[in-house]
Amino acid sequence: MAVDEGVAPAAKDAQPGRDSTVHRLKPNAVGMLGVVFMAVATAAPITAMTGNVPFMVSAGNGTGAPASYLVAMVVLAIFAVGFTSMAKHITSTGAFYGFISYGLGRTAGLASGLLATFAYVVFEPALIGIFSTFATETLKDQTGVHVPWWAFAVLMLAVNATGTWFGVSVAEKLLVVLLATEVTILAAMAVSVALHGGGPDGFSLGPVNPVHAFQGTSAGLGLFFAFWSWVGFESTAMYGEESRDPKRIIPKATMVSVLGVGVFYVFVSWMAISGTGESRAVEVATANPLALFFGPTEQYVGHWAVVVMQWLMITGSLACGMAFHNCAARYMYALGREGVLPVLKNTVGRTHTRHGSPHIAGLVQTVVTAVLLLAFAVAGKDPYTGTYVLLAILGTMAILVVQAVCSFAVLAYFRTHHPESRHWFRTFTAPLIGGVAMLAVVVLLVSNMGAAAGTESGSLVLKATPWLVAAVAALGIGYAQYLKRRAPERYLLLGRTVLEETKER
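Cut-off values and rules
Residues numbered from 1 in each chain as written. Predicted model: local features only at pLDDT ≥ 70, side-chain atom pairs only at ≥ 80, totals over all residues. Heavy atoms only, no water. Disulfide = S-S within 2.5 Å. Buried < 20%, exposed > 50% of the residue type's maximum accessible area, 1.4 Å probe, protein only. Axes fitted to C-alpha atoms, helices over the stretch in contact; angles between N-to-C directions. Helix = DSSP H or I, 4+ residues; strand = E, 2+ residues; numbered from the N terminus. Parallel < 35°, antiparallel > 145°, perpendicular 65-115°, else oblique. Left-handed = near helix turned anticlockwise from the far one by under 90°. Contact = heavy atoms within 4.5 Å. Nonpolar A, V, L, I, M, F, W, Y, C, P; charged D, E, K, R; others polar. 1 Å grid on protein atoms, 1.4 Å probe; cavity = no way out; pocket = protein on both sides within 12 Å on 5 of 7 lines; lining within 4 Å. Points joined across faces, edges and corners; volume = space filled by probe spheres on them. Patch = residues over 30% accessible without salt bridge, like charges linked within 9 Å, V, L, I, M, F, W, Y side chains within 5 Å. Areas by Shrake-Rupley, 256 points an atom, 1.4 Å probe, with all protein chains shown as cover. Salt bridge = Lys/Arg side-chain N within 4 Å of Asp/Glu carboxyl O.

## Overview of the state of the cysteines
- Taken as a whole and judged by the stated rule, the model has zero disulfides.
- Cys320 carries a free sulfur, and the closest cysteine sulfur to it, the one in Cys327, is 9.1 Å from it.
- Using a relative accessible area of 3% as the deciding quantity, one classes Cys320 as buried.

## Some remarks on the packing of helix α5 (residues 106-143) against helix α14 (residues 359-378)
- Packing of α5 against α14 leaves a shortest axis separation of 9 Å and a crossing angle of 55°. If you check the angle between α5 and α14, you find them oblique. Where α5 crosses over α14, the two elements pack in a sense that is right-handed. Residues Tyr120, Val121, Val122, Glu124, Pro125 and Ile128 of α5 lie in contact with α14, whose contacting residues are Gln365, Val368, Thr369, Leu372 and Leu373.
- Residues belonging to the contact of α5 with α14 are distributed by class as follows: eight nonpolar, two polar and one charged.

## Let's talk about the packing of helix α16 (residues 425-453) against helix α17 (residues 460-486)
- Running from amino to carboxyl end, α16 crosses α17 at an angle of 155°, the nearest separation of the two axes being 10 Å. The orientation of α16 relative to α17 falls into the category roughly antiparallel. The chirality of how α16 crosses α17 is right-handed. Where α16 abuts α17, its residues Met449, Gly450 and Ala453 lie against Leu462, Thr465 and Pro466.

## A closer look at the layout of surface pockets
- Approximately 690 Å³ is the volume attributed to the largest pocket.
- Along its surface, the largest pocket is lined by 30 residues, and Thr50, Gly51, Phe134, Pro289 and Tyr384 are the ones closest to its centre.
- Elements represented by at least two residues in the lining of the largest pocket include exactly α2 (45-59), α5, α8 (219-228), α12 (303-337), α15 (383-416) and α16.
- At seven residues, α2 tops the list of elements feeding residues into the lining of the largest pocket.
- Class assignment of the residues belonging to the lining of the largest pocket gives a composition of 16 nonpolar, twelve polar and two charged.
- Estimated volume of the second largest pocket: approximately 370 Å³.
- What lines the second largest pocket is a set of 15 residues, among which Leu114, Thr117, Leu335, Leu341 and Leu344 lie closest to the centre.
- For the lining of the second largest pocket, the secondary structure elements donating two or more residues are α5, α12 and α17.

## A closer look at a nonpolar patch on the surface
- Among the surface-exposed residues, Phe428, Leu432 and Val436 lie close enough to one another that they form a single nonpolar patch of about 270 Å² accessible area.
- Examined against the element boundaries, Val436 turns out to sit in helix α16.
- A relative accessible area of 49% places Val436 in the partly exposed class.

## Regarding unusual backbone geometry
- A positive phi is found at His418, a non-glycine position, where the angle reads about 50°.
- Relative to the helices and strands, His418 resides in the loop between α15 and α16.

## Details of the environment of Ser235
- Within the secondary structure, Ser235 sits in the loop between α8 and α9 (246-276).
- Taking the C-alpha atoms as reference, Ser235 lies 7.9 Å from Met38; in sequence the two are 197 residues apart.
- The contacts of Ser235, once residues within four sequence positions are left out, are Met38, Ala39, Thr42, Tyr120 and Cys327.

## Regarding empty space enclosed by the protein
- For the coordinates displayed, the defined rule picks out four cavities of 30 Å³ or more.
- Lining of the largest cavity is provided by 17 residues; of these, Thr42, Ala43, Trp228, Cys320 and Tyr388 occupy positions nearest its centre.
- Within the residue set of the lining of the largest cavity, elements represented by two or more residues are α1 (32-43), α2, α5, α12 and α15.
- Residue composition of the lining of the largest cavity, by class: twelve nonpolar, five polar and no charged.

Here you go:
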């Protein structure tokens, strides 16, 4: 696509035979490292480790938590094989929306696009909830100054909106710094434990034995939290239009995100348990969850590292929320530029004339997030145990359903397209296994929602979660059928806007 790299003017739609014009995001704005950082940021390593692992140890599969991450990594890597095979042929900001539209048809594509948008929309207020809690408590503990959580919520809203307005390259620079620091402090703890012989009980392969992933108080809960820790890795595909050489970068960035994060999760969680002592890890995680990480860090690195880790839990959740804000804005933009609703094409479907960013979609996402936060606050929900937990579960269910559907879309797509790319494993076996596995994870989520929600297990929002996900999917299916009958020219556009030089042929 021949456009000036400095700006992102309107460009012809990728599909032949149409005169419609769509706006494009700024090309060549981010490289492979940037795409990887944007994807890893949605996983929020420090939040996944300090937030999820203690709960997995105390109420899930006990000291087999690292094995859960190992199992999840293998399953997600298999899913990614099919996902990246499709990414080599289709490059679109709509990611799942575009992939599923080409594989299973426009109706399934729109339903999945709305579900993915819905997931990323609710993820941002969820992360603002946990960010605000971490910030309020850490500031009070370390300085004695109390700042209400909503002040930090407003701050994060402003940071996220600003990052999206000025383009992906600005967000990339911020995330590189934030992620590098949180990964460094977690790695320092893990490496220090390893260098000291693996903690008080020494090294044991028990925690990484895959068999132990399916044991414990609730193996299903442990496995669900392991998969939850990767949510957002698939966002690599939505940066294709803004990346350099997307056909090469996006598949590699996706696999690096899955395998790199997976190895890191397994090692860090294993060393946290070893550093605490395998024989007492469950007891410690139950009595004081954060002690599972703070204890080994204090003992093997130093008190200063615990202080730093507390601050990095704040910046880590900020990085995660910022990444989700970018994801939500890009999905809104992808749906808007195709005129799913005519009014959207020249609003959320526009890009900034100078920065090439989905600036209007970003502002809409900021407003929606603010409204959701206000609604939960008025309802008396705690920003962490209420807002974060409930919205994270809701978004996770929606995105897991989309991932499963995407796997079957890969199967369907390569059955009729690109015979030169068909392969018994990459385009058949891997997506089949990945799709079935993703459906199994959805079942794990549904069956363990109450335990995952903790004090909010009786919440109306939690009980309504499966129905809300189903309603969004039904809305997409119904509206697509309406367009097919009443506005066929708009129906034909669904999920079909792709980058010209990598368009589906």
